[in-house]
Amino acid sequence: LACLLQKRNIASILLLNGLMVAGFFGLPRLRTSIRIETLFAHDSQIMQDYRWLEEHIGPLVPIEVLVTFPAESKLNDRLRMNLIWHVSESITRLPHIQSSTSALTVFPPLPKMKSLPEAMRLAMLNKAIHLARPAFQQMSMLRDTADGEVWRITAHISSLEALDYGQILKSVRASIDQTLSQD
């Protein structure tokens, strides 16, 4: 091939330039998409699998929300988890968000302990959350950084509905900002 190109370099350059010009004129007709229904036929096996998964397991598109607590934050583990709960609840109330996953999802329910004073119950809850931190970190729901802590909340939306992801992200941001301004 190298020998052929060496002997016919003018023809090769003209051919490659012609291909480049043809590609340039085809660019306006190029359409990109991230929507799965535009990439596969409606009755294809993958679309059937997506429908089955969303009907039986849940929505497939994640929206990741990272809540950062600076290193100098005075909030204890219980108060941080409470804030994560408020943010998660505010996101889940949005129209197209079908569910959310966070450290709260995997945190075991605690006994009511109604006979104990409230201060003791809150201290025990704080201790339980503190002891669960390594598990949260292993599941990538919590990360310690040099700047503080980052807690992850994953909201789930459908991959099959015709949704404006940009608008959903704006709604999520507005909901989080409103929740944080109340706390």
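Residues numbered from 1 in each chain as written. Predicted model: local features only at pLDDT ≥ 70, side-chain atom pairs only at ≥ 80, totals over all residues. Heavy atoms only, no water.

(A) Main features of the pattern of salt bridges. Applying the stated criterion across every chain, the model contains 6 salt bridges. Note that Glu64 is salt-bridged to Arg152, the shortest N-O span being 3.4 Å. Note that Glu64 is positioned in strand β1 (residues 61-70) and Arg152 in strand β4 (residues 148-157), a separation of 88 residues in sequence. For Glu64, a relative accessible area of 42% gives the class partly exposed. Between Arg80 and Glu149 there is a salt bridge whose closest N-O contact spans 2.7 Å. In this pair, Arg80 sits in helix α5 (residues 77-92) while Glu149 sits in strand β4, placing the two residues 69 residues apart along the sequence. A relative accessible area of 7% places Arg80 in the buried class. (Salt bridge = Lys/Arg side-chain N within 4 Å of Asp/Glu carboxyl O. Helix = DSSP H or I, 4+ residues; strand = E, 2+ residues; numbered from the N terminus. Buried < 20%, exposed > 50% of the residue type's maximum accessible area, 1.4 Å probe, protein only.)

(B) Spatial organisation of helix α2 (residues 9-26). Its 18 residues give α2 an end-to-end C-alpha distance of 26 Å, which sits within 8% of 26 Å, the value for a rise of 1.5 Å per residue. In terms of residue burial, α2 counts as a barely covered element, since only 1 of its 18 residues are buried. (Expected span 1.5 Å × (residues − 1).)

(C) Spatial organisation of the pairing of strand β3 (residues 142-145). In this structure, β3 lies alongside β4, joined through 4 bridges in antiparallel fashion. The partner of Leu142 across the bridge, within β4, is Trp151. The hairpin formed by β3 and β4 contains 2 residues between the paired strands. (Pairing = 2+ DSSP bridges.)

(D) Highlighting the packing of aromatic side chains. Scanning all chains against the criterion turns up 3 aromatic pairs. Where Phe24 meets Phe25, the ring centres are 5.7 Å apart and the plane angle is 70 degrees; that geometry is what we call edge-to-face. Taken as a pair, Phe24 and Phe25 share a single burial class, namely exposed. An aromatic cluster of three or more residues is present, and its members are Phe107, Phe136 and Trp151. (Phe/Tyr/Trp six-rings, centres within 6.5 Å; stacked < 30°, edge-to-face > 60°.)

(E) Highlighting the environment of Leu39. Topologically, Leu39 is positioned in helix α3 (residues 36-39). Distance in space between the C-alpha atoms of Leu39 and Pro134 is 40 Å, their sequence separation being 95 residues.

(F) Just a nonpolar patch on the surface, in detail. On the surface, a nonpolar cluster with roughly 560 Å² of combined accessible area is contributed by Val21, Phe24, Phe25, Leu27 and Leu30. With respect to the secondary-structure elements, Leu30 resides in the loop between α2 and α3. (Patch = residues over 30% accessible without salt bridge, like charges linked within 9 Å, V, L, I, M, F, W, Y side chains within 5 Å. Areas by Shrake-Rupley, 256 points an atom, 1.4 Å probe, with all protein chains shown as cover.)

(G) Up close: the nonpolar core. Counting 28 residues, the largest nonpolar core has Ile91, Ile97, Phe136, Trp151, Ile157, Ile168 and Val172 as the members making the most contacts within it. Secondary structure elements with two or more residues in this core: β1, α5, α7 (118-138), β4 and α8 (165-182). (Core = buried A, V, L, I, M, F, W, Y, C linked by side-chain atoms within 4.5 Å.)

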